[in-house]
Amino acid sequence: VYPVAPFTLFQVSFIPLFVFVAVTVVVRSQVEDVPVNGWENPVYGTSSTFSITPGEVTPIGKLTCTLLQCKVTVDYSDEFLAAVTGSGATRVTVTAGYPLEYALTNKTTYERSSGYFAVNGETATMEVVFQGQIDGKSQKMTKVFTGIRAKQWRQIRFVQKKNEQGNATFDIVINDL
C-alpha cells in the first residue's frame, strides 16, 4: 500500500510475468569463428553443458580451451630432398575445395608454416597431393588419410622407400604429434 496523494491510498498487486524453472545451459567460448583453413591461425575454444536449478548455486567448474582445428605441417626426408630437381608443392585439403599449398622451391627451401584446418563433424578425410620435379621428371603423388580430428597435429612427411627389387620409391607418411 502506497500513499499517492495526501488523502488517497493506492494498493499495488504484482503479477508474475514468468516462472523460473530448472534449465539446461550450454556455454561455448571461443576466440573467433573457425575458418575453413589458414596459415598460423589456430582457434581455441570450449563447450560445457550444465543445469541451473532455482534457488541453488550452480558451479560450472573449470573450463579449458582446446584447439578446435587440426594442425598440419609438411616435412621432407633428406633422401627425398636430394632427389628434388625443381620446384614443387604439397597441397593439403581437409574441406573439399579449400586446400593449402606448401611450396617447395628447392632442396632446402620449403613452406614450414603450420596450416590449421576446420574439421566438420567428428572426423574428416585429408588428401595430400605432391606435384613437382623429382630426378628430373614431373611427379605427382596422392595419398588420402582418414580419421582426421580437431585437436590433432598431423605431420606429413615424404620418405624414401625401397621396393622388393631394391628400387627407390617415395611415400607419404603421416605422424600424429
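Throughout what follows, the structure given in this document is the object of discussion. (Residues numbered from 1 in each chain as written. Predicted model: local features only at pLDDT ≥ 70, side-chain atom pairs only at ≥ 80, totals over all residues. Heavy atoms only, no water.)

## A look at the overall build of the chain
Okay, so step 1: Regarding its fold elements, the chain presents 1 helix and 14 strands.
Okay, so step 2: Among the 177 residues that make up the chain, the fraction classed as buried is 32%.
Okay, so step 3: Summarising the internal contacts of the chain: among those between residues at least 6 apart in sequence, 57% fall at separations of at least 24.
Okay, so step 4: As displayed, the chain offers around 11400 Å² of accessible surface, 53% of which is attributable to carbon and sulfur atoms. (Helix = DSSP H or I, 4+ residues; strand = E, 2+ residues; numbered from the N terminus. Buried < 20%, exposed > 50% of the residue type's maximum accessible area, 1.4 Å probe, protein only. Contact = heavy atoms within 4.5 Å. Areas by Shrake-Rupley, 256 points an atom, 1.4 Å probe, with all protein chains shown as cover.)

## A look at the nonpolar core
Okay, so step 1: Of all hydrophobic cores here, the largest spans 27 residues; its most connected members are Tyr76, Phe80, Ile156 and Phe158.
Okay, so step 2: Where this core is concerned, the elements lending two or more residues are strand 7 (69–76), helix 1 (78–83), strand 8 (84–93), strand 9 (100–104), strand 11 (124–134), strand 12 (137–148) and strand 13 (153–162).
Okay, so step 3: In terms of residues, this core owes the most to one element, strand 11, which gives 5 residues.
Okay, so step 4: The contacts of phenylalanine 80, once residues within four sequence positions are left out, are Leu104, Phe130, Ile134, Met141, Phe158 and Phe170. (Core = buried A, V, L, I, M, F, W, Y, C linked by side-chain atoms within 4.5 Å.)

## Quick word on the side chain of aspartate 171
Okay, so step 1: Positionally, aspartate 171 belongs in strand 14 (residues 168–176).
Okay, so step 2: Within the structure, aspartate 171 has its side chain in polar contact with the side chain of lysine 143 (distance 3.2 Å).
Okay, so step 3: Once residues lying within four places of it in the same chain are set aside, the contact partners of aspartate 171 are Lys143, Arg157, Phe158, Val159 and Lys161. (Polar contact = N/O pair within 3.5 Å; in protein donor to acceptor, adjacent residues only side chain to side chain.)

## Brief notes about the environment of tyrosine 102
Okay, so step 1: Within the secondary structure, tyrosine 102 sits in strand 9.
Okay, so step 2: What makes tyrosine 102 buried here is its relative accessible area of 0%.
Okay, so step 3: Here the alpha-carbon distance between tyrosine 102 and valine 74, two residues 28 residues apart in the chain, equals 7.3 Å.
Okay, so step 4: Within the structure, tyrosine 102 has its side chain in polar contact with the backbone oxygen of valine 72 (distance 2.8 Å).

## Some remarks on unusual backbone geometry
Okay, so step 1: The residue aspartate 135 is not glycine, and still its phi comes out positive at about 50 degrees.
Okay, so step 2: Within the element layout of this structure, aspartate 135 appears in the loop between strand 11 and strand 12.
Okay, so step 3: At lysine 151, a position not held by glycine, the phi torsion is positive, near 75 degrees.
Okay, so step 4: Its place among the elements puts lysine 151 in the loop between strand 12 and strand 13.
Okay, so step 5: Look at lysine 151 and you get exposed, because its relative accessible area is 59%.

## Remarks on the sheet that holds strand 12
For sheets, the rule is that strands pair by backbone hydrogen bonds, running either parallel or antiparallel.
Okay, so step 1: Strand order in the open sheet made by the 4 strands is 9-8-11-12, with antiparallel pairing throughout. In the strand order of this sheet, the two ends are held by strand 9 and strand 12, each with one partner. Across this sheet, the average inter-strand angle for adjacent strands is 15 degrees, counted without regard to direction.
Okay, so step 2: Of the pairings in the sheet, the one linking strand 8 to strand 9 comprises 5 bridges and is antiparallel in character. Bridge pairing links glycine 88 to leucine 104 in strand 9. (Pairing = 2+ DSSP bridges. Axes fitted to C-alpha atoms, helices over the stretch in contact; angles between N-to-C directions.)

## A few points about the pattern of salt bridges
Okay, so step 1: On inspection of all chains with the given rule, the structure shows 2 salt bridges.
Okay, so step 2: With a closest N to O distance of 2.5 Å, aspartate 75 and arginine 157 form a salt bridge. Of the two residues, aspartate 75 is situated in strand 7 and arginine 157 in strand 13; the sequence distance between them amounts to 82 residues.
Okay, so step 3: The residue aspartate 171 makes a salt bridge to lysine 143 at a minimum N-O spacing of 3.2 Å. Of this pair, aspartate 171 sits in strand 14 while lysine 143 sits in strand 12; the two residues are 28 residues apart in sequence, bridging distant segments of the chain.
Okay, so step 4: Given a relative accessible area of 17%, aspartate 171 falls into the buried group. (Salt bridge = Lys/Arg side-chain N within 4 Å of Asp/Glu carboxyl O.)

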